[in-house]
Amino acid sequence: MGLNEKPLSTLHEKSSYNLDDFAVPTGREEKWRFTPLSRLKGLHDGTAEVTGQVVTQAYTPAGVTAEWVGRDDARVGQAYAPTDRVSAQAYNAFEKALVVTVPKEAVPAEPIQIELRGGGTTGVAYGHIVVKVEPMAEAVVVLDHQGSAVYADNVEFVVGDGATLKVVSLQDWADDAVHVSQHHAQLAKDATFRSFVVTLGGDLVRLSPSVSYTGQGGDADLAGVYFVDAGQHLEHRLLVDHSTPNCKSHVDYRGALQGEDAHAVWIGDVIIRVEAEGTDTYELNRNLILTDGARADSVPNLEILTGEVAGAGHASTSGRLDDEHLFYLQARGIPADQARRLVIRGFLGQLVEKISVPELRERVLAKIEAELEK
């Protein structure tokens, strides 16, 4: 499949399965200007040897199927075409794709667990996952990333008519890991998609969640929490492409940063195309900068090409802890360190409470608590 131009939008202009359609990034491009390319270990330019290993295992409840297929399987690439060089590299380099299918009207009793375990950073690895939820089905999927790796992958979520999919993606990598990932959800008529991204580990993580709609009534909610330590680069680049009338989207990402050269990047792109009348969308990013030397770049973009919208807005804030909040707590006898932790825990915890898997929610809260103890 060749190049697919999108001339109406200045934000995301092309997509292609062909690697040659994407030039090697230099860092001067808008899409790459925040990413330290020298730390990608060759993922962006093809120089890395494909000798790394990420072991992927799927644990599925009764009625749900998980199978490994070749790239010629019709379900692979059905919902998403790569939009940058690393994504295209991953698409052209993976050996087998994992396809998970939730059958029509099924409601599995347990979450679908997909574990990805890195085996080291001496070489790179590539992957591809497709999660297909058939009409009127409901499912919860957990993507759990751990270990050391240099890894790039594409994940497709295909949500059928009237179906509901909730996804929790946990980036709990070791300190030396590099992960570049594209998550794309395709929503059919009256489909519901709930995404929760938690990024805590890794040297460099660049995650790009995106959503498109193929029928009216689609409803997407994208939430995320990240905690950036000294030297870490954690980047989230979101795209919601409204090209169908009467669909909804809501984005809420929150981060905390501490330590020298802790760097968070959040890019939120929402496109409302001419034909997408009745769209209702809002996106929000908030960052708490806890120490000197940390930096948060936050860029919300809203491109509206029709005058007939139900609602559209965006907001972004980055700042230090509110002295009034801390004073209020300290005035009631709470020590300064404890008051600080309470405010941060409340700031992130409001979103973490949305994680629908109790044991995972507790694990994330414990990880945040451990970060606050540093």
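In the block above lies the structure referred to throughout.
Conventions we followed
- Residues numbered from 1 in each chain as written.
- Predicted model: local features only at pLDDT ≥ 70, side-chain atom pairs only at ≥ 80, totals over all residues.
- Heavy atoms only, no water.
- Phe/Tyr/Trp six-rings, centres within 6.5 Å; stacked < 30°, edge-to-face > 60°.
- Helix = DSSP H or I, 4+ residues; strand = E, 2+ residues; numbered from the N terminus.
- Buried < 20%, exposed > 50% of the residue type's maximum accessible area, 1.4 Å probe, protein only.
- Pairing = 2+ DSSP bridges.
- Polar contact = N/O pair within 3.5 Å; in protein donor to acceptor, adjacent residues only side chain to side chain.
- Contact = heavy atoms within 4.5 Å.
- Salt bridge = Lys/Arg side-chain N within 4 Å of Asp/Glu carboxyl O.

A. View of the packing of aromatic side chains. What the rule picks out here adds up to 4 aromatic pairs. For the pair Tyr-151 and Trp-173, a centre-to-centre distance of 6.5 Å together with 55 degrees between the ring planes defines the contact as tilted. Of this pair, Tyr-151 sits in strand β7 (residues 138-159) while Trp-173 is found in the loop between β8 (164-171) and β9 (178-187), placing the two residues 22 residues apart along the sequence. Among the aromatic residues, those joined into a ring-pair cluster are Tyr-17, Tyr-91 and Phe-94.

B. Expanded view of the pairing of strand β15 (residues 263-272). Within β15, 10 of the 10 residues are buried, which leaves it mostly tucked inside the rest of the structure. Of the two faces of β15, the one carrying His-263, Val-265, Ile-267, Asp-269 and Ile-271 and the one carrying Ala-264, Trp-266, Gly-268, Val-270 and Ile-272 are both buried. Examined bridge by bridge, strand β13 (residues 233-242) and β15 share 10 bridges and lie parallel to one another. When the bridges of β15 are listed, Leu-239 appears paired with Asp-269.

C. Representation of the side chain of Ser-87 in the model. Mapped onto the elements of the fold, Ser-87 is located in helix α1 (residues 85-93). Accessibility expressed as a relative area gives 4% for Ser-87, which makes it buried. A polar contact is formed between the side chain of Ser-87 and the side chain of Tyr-80, at a distance of 3.1 Å. Ignoring anything within four residues of it in the chain, the contact list for Ser-87 reads Tyr-80, Pro-82, Asn-154 and Gln-182.

D. Representation of unusual backbone geometry within the structure. Phi angles above zero are rare outside glycine, and Glu-105 is one such case at about 65 degrees. Checked against the element boundaries, Glu-105 lands in the loop between β5 (97-102) and β6 (112-133). Residue classification places Glu-105 among the exposed positions, given a relative accessible area of 54%.

E. Summary view of the pattern of salt bridges. One pass over the structure, following the stated rule, counts 20 salt bridges. Note that Lys-367 is salt-bridged to Asp-172, the shortest N-O span being 3.2 Å. Here Lys-367 is found in helix α4 (residues 358-372), whereas its partner Asp-172 is found in the loop between β8 and β9, with 195 residues between them in sequence. Asp-172 gets classed as buried once you look at its relative accessible area, which sits at 12%. Notably, a salt bridge pairs Lys-354 with Asp-221, separated by 3.2 Å at the nearest N-O pair. One end of the pair, Lys-354, is in the loop between α3 (336-352) and α4; the other, Asp-221, is in strand β12 (residues 219-228), with 133 residues separating them in the sequence. On the basis of relative accessibility, which here comes to 41%, the residue Lys-354 falls in the partly exposed class. Among the charged side chains, a salt-bridge network with shared partners connects Glu-115, Arg-117, Asp-144, Asp-172, Arg-363 and Lys-367.

Note that all results are geometric; they support no functional claim without further evidence.
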